[in-house]
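Tertiary structure, described
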Amino acid sequence: MKLRVLRYHTSNDYTLGMLLNETDGRHFLAYTLEDEHRKEKVMGETRIPSGTYKITLRTTGGFHGRYTKKYGSMHKGMLWVRDVPGFEYILIHTGNTDEHTAGCLLVGDSSDERGFIGSSVDAYKRIYPDIAAAIEAGKEVTITYEDYDETK
């Protein structure tokens, strides 16, 4: 499975994008929200560098415990973006503003230019099962972050 994040807008506090499934064409999955671009990383306040990364399931940690309780049998583990230089435990999860991410990728069904994404839980529940199933089936799942925004 090949996922792509097209980053189209950045500000001093956040980055907006679109998550696409490019496995068999190019299909829109959700809007995305991340921290802002920085030339030098600030922990919990910087988006990850553009590039392609593998996604696996993370079955430990606080998010995993909370999502197991919240989503029950749907939840197989957190979607974990791996081997990002200078970053650890980058996850794909729910949230609405840059205050809900520390470098992670948030997903939603709507977005606005003030840095808000809406219906995040709905988007997550829609995209998660297929991605998790591909990982559990032993398929390679990758995500490519591509910058179309104007970075400073």
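Computed from a predicted model, the values in this text were never measured in an experiment.

1. Brief notes about the overall build of the protein chain
Regarding its fold elements, the protein chain presents two helices and 10 strands. Reading the protein chain from its N terminus to its C terminus gives the helix and strand order β-β-β-β-α-β-β-β-β-β-α-β. In terms of C-alpha radius of gyration, the protein chain reaches 14 Å, essentially the compact-globule figure of 15 Å for 152 residues. The C-alpha extent of the protein chain, read off along each of the three principal axes, is 40 × 35 × 30 Å. Burial analysis of the protein chain (152 residues in total) assigns 49% to the buried set. Of the contacts made within the protein chain by residues no fewer than 6 positions apart, 56% connect residues no fewer than 24 positions apart. Here the protein chain displays about 7,700 Å² of accessible surface, and carbon together with sulfur accounts for 48% of that area. Across the protein chain, the mean location of the 20 positive side-chain charges is 6 Å away from that of the 23 negative side-chain charges.

2. Points about the nonpolar core
Among the nonpolar cores identified, the biggest contains 34 residues, and Ile 55, Val 81 and Ile 143 are the most heavily contacted of them. For this core, the element with the highest residue contribution is helix H2 (residues 120–136), accounting for eight residues. Aside from chain neighbours lying at most four places away, what touches Ile 55 is Leu 3, Leu 79, Trp 80, Val 81, Ile 92, Ile 135, Val 141 and Ile 143. Counting residues in hydrophobic clusters, the runner-up holds five residues, among them Tyr 14, Leu 16, Leu 33 and Leu 106.

3. Some words on the packing of aromatic side chains
A full pass over the atoms with the stated rule returns eight aromatic pairs. Relative to Tyr 124, the ring of Tyr 67 has its centre 5.4 Å away and its plane inclined at 85 degrees; by these criteria the two rings are edge-to-face. Note that Tyr 67 is positioned in helix H1 (residues 62–71) and Tyr 124 in helix H2, a separation of 57 residues in sequence. For the pair Tyr 67 and Tyr 124, a shared accessibility class is recorded, and that class is buried. Of the aromatic side chains, those joined through ring pairs into one cluster are Phe 63, Tyr 67, Tyr 71, Tyr 124 and Tyr 128. The ring of Phe 87 has Lys 41 sitting right over it, with the charged end atom 4.3 Å from the ring centre. Looking at Arg 82, its charged tip hangs above the ring of Trp 80, at a distance of 3.6 Å from the centre.

Thresholds applied
Residues numbered from 1 in each chain as written. Predicted model: local features only at pLDDT ≥ 70, side-chain atom pairs only at ≥ 80, totals over all residues. Heavy atoms only, no water. Helix = DSSP H or I, 4+ residues; strand = E, 2+ residues; numbered from the N terminus. Rg over C-alpha atoms; globule rule 2.2 N^0.38 Å. Buried < 20%, exposed > 50% of the residue type's maximum accessible area, 1.4 Å probe, protein only. Contact = heavy atoms within 4.5 Å. Areas by Shrake-Rupley, 256 points an atom, 1.4 Å probe, with all protein chains shown as cover. Lys, Arg positive; Asp, Glu negative; His and termini not counted. Charge placed at Lys NZ, Arg CZ, Asp CG, Glu CD. Core = buried A, V, L, I, M, F, W, Y, C linked by side-chain atoms within 4.5 Å. Phe/Tyr/Trp six-rings, centres within 6.5 Å; stacked < 30°, edge-to-face > 60°. Lys NZ or Arg CZ within 6 Å of the ring centre and 35° of its normal.

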